[in-house]
Amino acid sequence: MSSIGMNGDTGHSRDDGNPGFGDAHHSSHDPFRIAPKGSAERLKEWRKLTFALNAARRFRYTLDFKKLEEQEKLKRDPASRLRAGTNVIRAVERFKQAGRGAEQDDEAPAGFGVGPKTLVNLLQDRKVTDLEKLGGIRGLAGKIGTNLEEGIKDDPEEIQKRKDAYGSNTYPKKKPKGILHFVWEACQDTTLIILMVAAVVSLAAEMYSEGPKEGWYDGTAILVAVLLVIVTTAGSDYKQSLQFRNLNDEKENIKLPVIRGGERKQVSIWDLVVGDIIPLSIGGQVPADGVMIEGHALTIDESTMTGESEPVKKDSKRPFLLSGCKVQDGQGIMLVTGVGINTEWGQVMASVSEDNGEETPLQVRLNGVATFIGKVGLSIAVLVFIILIIRFFAIDYKKPENKSASAIIVKIVSIFSIAVTIVVVAVPEGLPLAVTLTLAYSMRKMMADKSLVRHLAACETMGSATTICSDKTGTLTTNKMTAVRAWIGDAENDAASSEGIPESLRQTVIHSICLNSTGTVAPAKEGAEPVVSGSPTESACLGWGLKLGMDFKQTKNDTTVLHVETFNSTKKRAGVVFKNDKGVVESHWKGAAEIILGLCTKYVNQRGEVQPLSSEKVDELKRVIEGMAAKSLRCIAFAYRPIEGSNVPTSEEESSEWHQPDDDLILMGIVGIKDPCRNGVREAVERCQKAGVQVRMVTGDNKFTAKAIAQECGILKEDGIVVEGPDFRTWDEDRLDRDLARLCVMARSSPTDKLKLVKALKARGNVVAVTGDGTNDAPALHEADIGLSMGIAGTEVAKESSDIIILDDNFTSVVKVVRWGRSVYSNIQKFIQFQLTVNVTALTINFVAACSTGEVPLTAVQLLWVNLIMDTLGALALATEPPTDDLMDRTPVGRSEPLITNIMWRNIFAQALFQIVVLLTLNFAGNKILGIENEPDHDRLRTTIIFNAFVFCQVFNEINARRPTTLNIFQNIHKNYLFISIIVIEVILQVS
């Protein structure tokens, strides 16, 4: 929205190349330091070189290269797929019409004067002559029962009636994958297939040699264990797919303004109906098919639908608007004529499936870790297999009972099953699962904290943020603005007072406020105040106009707008040219006070007379502005000048190229708008600073207002630097090296200033998070490591360039995102510590036992059960740990900091050593220690005790992993019901 830019703030961005973990030059040497995000070719080569029997399971949470290639083709020509789809749709529609008879009338629904097919054809053909046949814009509005000024009735029955007649603004989506699909995918795991085959062979051989009564146990047990792994894996995958689908639905649920019943209100894009009146502004999206009612320099990017590379300027000759296109410039109002499946965009989107094949930096690193551990496990499995085979034929084969063919087959299958199961246990495919679980959990919880994640990698990267460049308006402040002071008629007074203002000046100011605004004022209903709508800045200005006695509707009706200059964050002003009821044409401007003052050569005094603006008067007015700004007020000035009506172009083509005069202006007044700081912002800023995250304010307001707010929020330090955008542009590299670290506030910034700031901070090793709301903020949002767009004030272009949408535009929500980002990283580290401890222990005891005794204490079935605890239940328990308060007491995780810290290595080896000593002691001396030497089945009793000891060691290890760096591992454990439930389930299942 053009008015949004008036709040003075602009935004920031993301680095697709290095989201914040690890440096690429480490990748070839250290398996625990994997490049954060490589090209698709590098990932392909890596997977080719990676020997992983269970690749289907290992890579189920990572990129699908086939889909990736399709996406790359679409990126190279983003319009091609959509154009192809729309061309097919048109051909089908024409074919249907030919079959039925193209001249058949389209029956209009009851209560309306035009049928839905006529409206569909109107937008498909986009011929002005077809629109004229319907009576033009007004005739079409009459046929669909819409008042062009007040919109449709805001009544549920009216809305439903229109949905029944013309359809709803939704489109059918492809049916989501069911649970059976995920079961089938889980069954594709190579190692599980091998185990199932081995189990069947073992079952047949043992039943043949020992009889069905005794021989069914081992083979059936392995089959049941494999089935349990498949069901658990499929259930986990299915749950995650549902969560990501729900998040995608939330991302698509755009809120936008509509005019209903004469009032502007926010509704969901899904609730739009034919006949709705929708204001359009720069950076927004055309939410449905329609025609332009009026527009000022309205420029639409239609490349995705028509293939037109150049933006299309809309006017009476080209009034048609296509759903899904972006507003590149200007503003306008549209009448909706087609929604949902009755638009080309809806029909194409119905045929496009949602793809969540996004691979995060942490998943890439963990796949590297899993590959390294898998190779070690595979080597040990091969060694165990060779050793056991040699021992069998060298020693056990000499026993009479082992000489039969069935006995040999059973033994070989048993040894092979153990070796394959060691591979299953050794390869920690639970690592990528843990990332998926913790991301899904964090994304769901972040939604409750008013943050919508668009890119998964941002969850991880946010935990590494070292600086946050925040907007002021609406982020650090409430965005609920009120005019409190005003300089008008050469005197400064309370804004609520209109006393002493000359009538001619009052009327001129009222016209300027009313006509140079994108907001609206709905007439007052009985016993109520008029309803003001629009951006907070526009609402504050209109509210001031009402205090001055403005009649919004009457003023609009008595004047004719000839030209509009929309606001943008570069020129920081907006203009309008209009003809009043006396036939006088005037050019009016409003914007940043010091900028408008610089364009003025005259002012209006207390008698309503125009006087020259002397240098002394300019200095006096600057002091007025600085005085208001020192009170944290935003200063907006209003100025005008009469112009010749003949100089204003009348044709739409000429008007779009004409620039409204902005020199020799007459200053009318300056208004000071109060936008108080949000509650809790100062505490949130202090939490960030304590956590090693520097907060910087980047705003379009003047230096004095920015400084006052920064001091109030605790951003400006004693040695901090406040700089204005034009000055910052002159900083060279030496100045950046010297002063950038102390820069706390940038005032009067433009989007290019913010982009320079982001690049400079990143070049000096910072991980940068940036907030933004305007279309011009898109480059900075894209450049930053984490782009944070505003859900309320942000344009659709800004949101699409961002990684995370802050739904309530609140800085405290940004701090919560940092907390969740650190929680994601911390949870993954907890699971890595847990998993590697199990890997080291299981591999060591099986290898040592196989080499020394020729038997392994943990059988295939037991190892599969341990694998289930490790991969699925362990990941679920540790990946869903909520953030802890101590996370914000640590410094940010560096870009190249190792994933496994020295403390984690200490914990892993200490725990593994303890478990190995206990389990090997039980294995070699367990019969004597436990006093079961004389028991007839003492070996089975010993291995059962070893198995139980091993499992309970992992249960205790799971609890230890909750707090890797603190002594009190039980801290807040009673608050995590899911963790307690999983531990209880594991214990019950193990005991039973």
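Residues numbered from 1 in each chain as written. Predicted model: local features only at pLDDT ≥ 70, side-chain atom pairs only at ≥ 80, totals over all residues. Heavy atoms only, no water.

The chain appears in an unreviewed UniProt entry as Calcium-transporting ATPase from Ceratodon purpureus.

1. Description of the sheet that holds strand β24 (residues 768–772)
Under the convention used in this document: Note on pairing: two strands pair once DSSP finds at least 2 bridges between them. Helix and strand definitions here come from DSSP, where helices need a minimum of 4 consecutive H or I residues and strands a minimum of 2 consecutive E residues; each element is numbered from the N-terminal end. Between N-to-C directions, angles span 0 to 180 degrees; the directions come from axes that are lines fitted to C-alpha atoms, helices contributing only their stretch in contact. Contacts were defined at the residue level, with two residues in contact if any of their heavy atoms lie within 4.5 Å.
An order of β8-β26-β25-β24-β9-β21-β23-β22 is seen for the eight strands of this open sheet, with the pairing classed as mixed. The open sheet has two edge strands, β8 (451–453) and β22 (721–724), and neither has a second partner. The sheet shows a mean angle of 20° between the axes of neighbouring strands, direction not considered. Strand contacts of helix α29 (residues 751–763): β9 (467–470), β21 (694–698), β23 (743–747) and β24, with the helix running at about 165° to β24, the strand carrying the most contacts.

2. Thoughts on the nonpolar core
We count it as follows: Only buried Ala, Val, Leu, Ile, Met, Phe, Trp, Tyr and Cys residues count toward a nonpolar core, and they belong to the same one when joined by side-chain atoms within 4.5 Å. Burial classification: accessible surface area is computed with a 1.4 Å probe over protein chains only, and a residue below 20% of its type maximum counts as buried, one above 50% as exposed, and the rest as partly exposed.
Counting 109 residues, the largest nonpolar core has Ile715, Ile786, Ile804 and Phe811 as the members making the most contacts within it. A per-element tally of this core places helix α32 (residues 811–853) first, with 18 residues. Those residues in contact with Ile804, other than ones at most four positions away along the chain, are Met446, Ser451, Leu452, Val453, Arg454, Ala458, Ile786, Gly787, Leu788, Ser789 and Val817. Grouped together as the second largest cluster of nonpolar side chains are 41 residues, Leu272, Ala288, Met292 and Met305 included.

3. Here's the deal with a nonpolar patch on the surface
The test is simple: For patches, a residue must show more than 30% relative accessible area and have no salt bridge; joins then use 9 Å for like charges and 5 Å for nonpolar side chains, namely Val, Leu, Ile, Met, Phe, Trp and Tyr. Method for areas: the Shrake-Rupley scheme with a 1.4 Å probe, in which residue coverage is limited to the protein chains shown. Salt bridges are defined as contacts in which a side-chain nitrogen from Lys or Arg sits within 4 Å of a carboxyl oxygen from Asp or Glu.
Residues Ile193, Val197, Val201 and Ile409 make up a contiguous nonpolar surface patch of about 300 Å² in total accessible area. No other element matches the three residues that helix α10 (residues 190–210) contributes to the nonpolar patch. Mapped onto the elements, Ile409 comes out in helix α16 (residues 405–426).

4. Remarks on the pairing of β23
The element β23 is largely enclosed, with a buried count of five among its five residues. Where β21 meets β23, two bridges bridge the pair, whose relative direction is parallel. Looking across to β23, one finds that Val698 is bridged to Met746. Taken together, the four bridges between β22 and β23 define a ladder with parallel strand orientation.

5. A short note on the packing of aromatic side chains
Rules: Pairing of aromatic side chains here covers Phe, Tyr and the six-membered ring of Trp, requires ring centres within 6.5 Å, and sorts the geometry by plane angle: under 30 degrees stacked, over 60 edge-to-face, intermediate tilted. By the criterion adopted, a ring carries a charge over it if an Arg CZ or a Lys NZ lies within 6 Å of its centre and within 35 degrees of its normal.
Following the criterion strictly, the structure yields nine aromatic pairs and no others. Their ring planes at 40° and their centres at 6.5 Å tell us that Phe952 and Phe956 sit as a pair that is tilted. Of this pair, Phe952 and Phe956 both sit in helix α35 (residues 938–961), four residues apart, which is roughly one turn of the helix. On the accessibility criterion, Phe952 (24% relative accessible area) is partly exposed. Looking at Lys161, its charged tip hangs above the ring of Phe112, at a distance of 5.2 Å from the centre. It is Lys756 that lies over the ring of Phe728; its NZ or CZ is 5.1 Å from the centre.

6. Comments concerning the pattern of salt bridges
The tally for this structure, following the rule as stated, stands at 35 salt bridges. For Asp154, the salt bridge identified is with Lys265, shortest N-O distance 2.4 Å. One end of the pair, Asp154, is in the loop between α7 (136–143) and α8 (156–166); the other, Lys265, is in strand β2 (residues 263–268), with 111 residues separating them in the sequence. The class of Lys265 is partly exposed, set by a relative accessible area of 26%.

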